[in-house]
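# Structure assessment
Chain by chain, the residues:
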Amino acid sequence: MSTFLSAAGAGVGQVSQALGATVGSVAAGLARPAAEIGAVRDRLGEAIFLRVAGPDGPQHRDRIHGAEGPRWFEPGSAIMQVHADASMFIGGIRALLLQSLHPAAMRAVSEHSGFRGDMWGRLARTSRFLAVTTFGTADDAQQAVDIVRAIHDRITGTMPDGTPYAASDPHLLLWVHVAEIDSFLLAHQTYGARPLDQAGRDEYVAQTAEVARRLGVIDPPTTEAELREVLARFRPELRGTPEAREAVGYVLLRPPLPLVVRPAYGVLASAAIGLMPAWTRRQLRLPWLPVTERTVVRALGQAAVTTIRWAMTPPALAAQDGTAA
């Protein structure tokens with residue numbers, strides 16, 4: 001739980017750093033021959049991948065996608081469509097913001113997470129968990145779940161009023177789960193290459209529920225309508241705490257990034273904020289500019305996601321999909 005909360009915002013910073021460092025090359029590359037455009041794509045895609053997956057990312061990628069054996073999910077299913085899309089970067093930071101509104105979940109992050117320290121390493125581990133459970137073999141996926149459950153079992157503490165909390169609490173796990181999948185799904189529907197129809201959205205919720213049960217969630221939602229109902233039930237428990245505002249401020253306003261790449265970071269972060277419910281803005285001291293968010297922010301966010309998708313799509317696949325440069 002705490003691993004995901006701290007890493008989601010880090011993912012935006014890492015991707016933005018890659019975008020900021022190479023955006024000039026991409027713009028210039030569009031006017032170059034196809035071979036040079038391909039080289040630009042390769043450099044940008046590799047930079048983003050290594051920052052998100054970590055230095056040992058290529059080895060893990062080869063095992064996740066190359067190992068033989070049954071998978072939990074069928075190729076091309078909804079969970080694979082959502083988790084493979086570049087919109088996940090915006091969904092990740094939106095999940096961070098939303099999850100922070102539960103006081104017990106945020107207390108666990110504040111006391112046990114290194115969101116002020118090793119954010120990049122935590123990002124790589126979280127990205128790997130999502131990749132393994134979505135695309136990896138059933139054995140590898142179960143092993144990843146077992147590791148996370150063991151970590152959760154060690155995270156306990158006390159709220160300011162003396163109430164105990166535990167990361168393994170099924171109620172807290174349910175909150176983290178629904179906030180996460182709601183964020184990923186909303187980002188995909190807003191910025192994804194191929195938004196899902198109603199059947200696809202229900203399939204996504206049901207498939208993510210399979211992973212949630214293995215992590216210890218009791219009775220997770222299995223349709224989009226049930227997801228909305230669960231989120232509504234949590235509403236009375238949610239509020240902006242000092243710990244939540246500290247974490248959000250650190251991720252949004254004080255990312256450990258060079259000044260030159262802050263604008264790219266701001267685009268993705270603004271797009272994520274634009275997907276937050278209006279009632280959360282005062283709680284987390286987030287801006288609310290509905291007209292700007294629907295126009296300028298939405299356009300810039302779409303441009304950023306399109307650039308990431310272009311960079312990380314192999315040229316042969318991009319040609320098949322009609323997205324090649």
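Residues numbered from 1 in each chain as written. Predicted model: local features only at pLDDT ≥ 70, side-chain atom pairs only at ≥ 80, totals over all residues. Heavy atoms only, no water.

Right, let's get into helix 9 (residues 170–191). Here helix 9 is 22 residues long and its end C-alpha atoms lie 31 Å apart, about the 32 Å a rise of 1.5 Å per residue gives. Taken across its 22 residues, helix 9 has 18 buried, putting it largely inside the fold. Here helix 9 starts with a cap whose side-chain oxygen sits 3.0 Å from the backbone nitrogen of His171, and that cap is Asp169. (Helix = DSSP H or I, 4+ residues; strand = E, 2+ residues; numbered from the N terminus. Expected span 1.5 Å × (residues − 1). Buried < 20%, exposed > 50% of the residue type's maximum accessible area, 1.4 Å probe, protein only. Polar contact = N/O pair within 3.5 Å; in protein donor to acceptor, adjacent residues only side chain to side chain.)

Applying the stated criterion to the full structure yields five salt bridges. The residue Arg228 makes a salt bridge to Glu224 at a minimum N-O spacing of 3.5 Å. In this pair, Arg228 and Glu224 are both assigned in helix 11 (residues 224–234), four residues apart and thus about one turn of the helix distant. Given a relative accessible area of 40%, Arg228 falls into the partly exposed group. Since its relative accessible area comes to 13%, Glu224 is described here as buried. One salt-bridge network, in which partners are shared between bridges, spans Arg94, Asp182, Arg201, Glu224 and Arg228. (Salt bridge = Lys/Arg side-chain N within 4 Å of Asp/Glu carboxyl O.)

Okay, unusual backbone geometry next. Glycine aside, negative phi is the norm for most residues, and most peptide bonds take the trans geometry. Positive phi values are uncommon outside glycine, yet Asp219 reaches one of about 55°. Positive phi is not limited to glycine here, since Arg285 has a value of about 60°. Take Arg285: its relative accessible area is 65%, and that puts it in the exposed class.

The packing of two helices is summarised by the inter-axis angle and the distance between the axes. Axis separation between helix 6 (residues 103–112) and helix 12 (residues 242–253) bottoms out at 9 Å; the angle between their running directions is 60°. It follows from the interaxial angle that helix 6 and helix 12 lie oblique. For the element pair helix 6 and helix 12, the recorded crossing hand is left-handed. Where helix 6 abuts helix 12, its residues Met106, Arg107 and Ser110 lie against Glu243, Ala244 and Ala247. The class makeup of the residues in the contact of helix 6 with helix 12 is three nonpolar, one polar and two charged. (Axes fitted to C-alpha atoms, helices over the stretch in contact; angles between N-to-C directions. Parallel < 35°, antiparallel > 145°, perpendicular 65-115°, else oblique. Left-handed = near helix turned anticlockwise from the far one by under 90°. Contact = heavy atoms within 4.5 Å. Nonpolar A, V, L, I, M, F, W, Y, C, P; charged D, E, K, R; others polar.)

The next thing to look at is helix 11. The set of residues buried in helix 11 consists of Glu224, Leu227, Val230, Leu231 and Phe234. Looking down the long axis of helix 11, one finds its buried residues gathered within 115° of arc, a one-sided arrangement. Exposed side chains of helix 11 directed beyond 90 degrees from the buried face belong to Ala232 and Arg233. Its buried side turned inward, helix 11 meets helix 9 and helix 10 (198–215). (Arc of directions from axis to C-beta.)

Averaged over the protein chain, the pLDDT score is 78; the fraction of residues at 70 or greater is 68%. For residues 18–31, every residue scores under 50 in pLDDT, and the model assigns this stretch 20 contacts once sequence neighbours within four places are set aside. Low pLDDT, under 50, characterises residues 315–325; the stretch is placed with 13 contacts to residues that sit more than four places away or in other chains. (pLDDT = per-residue confidence, 0-100.)

This brings us to the environment of Thr307. Mapped onto the elements, Thr307 comes out in helix 15 (residues 290–312). Accessibility expressed as a relative area gives 24% for Thr307, which makes it partly exposed. With 221 residues separating them in the primary sequence, Thr307 and Ala86 have C-alpha atoms 8.9 Å apart.

Another point: the packing of aromatic side chains. Applying the stated criterion across every chain yields a total of one aromatic pair. Directly above the ring of Trp72 sits Arg214, whose terminal nitrogen or CZ lies 4.1 Å from the centroid. Positioned over the ring face of Trp279 is Arg235, at 3.6 Å from the centre of the ring. (Phe/Tyr/Trp six-rings, centres within 6.5 Å; stacked < 30°, edge-to-face > 60°. Lys NZ or Arg CZ within 6 Å of the ring centre and 35° of its normal.)

A word on the nonpolar core. Among the nonpolar cores identified, the biggest contains 76 residues, and Ile90, Trp175 and Tyr204 are the most heavily contacted of them. Residue contributions to this core peak at 12 residues, all from helix 9. Apart from residues no more than four positions distant in its own chain, Tyr204 is found in contact with Ala78, Ile79, Val82, His83, Ile181, Phe184, Leu185 and Leu196. (Core = buried A, V, L, I, M, F, W, Y, C linked by side-chain atoms within 4.5 Å.)

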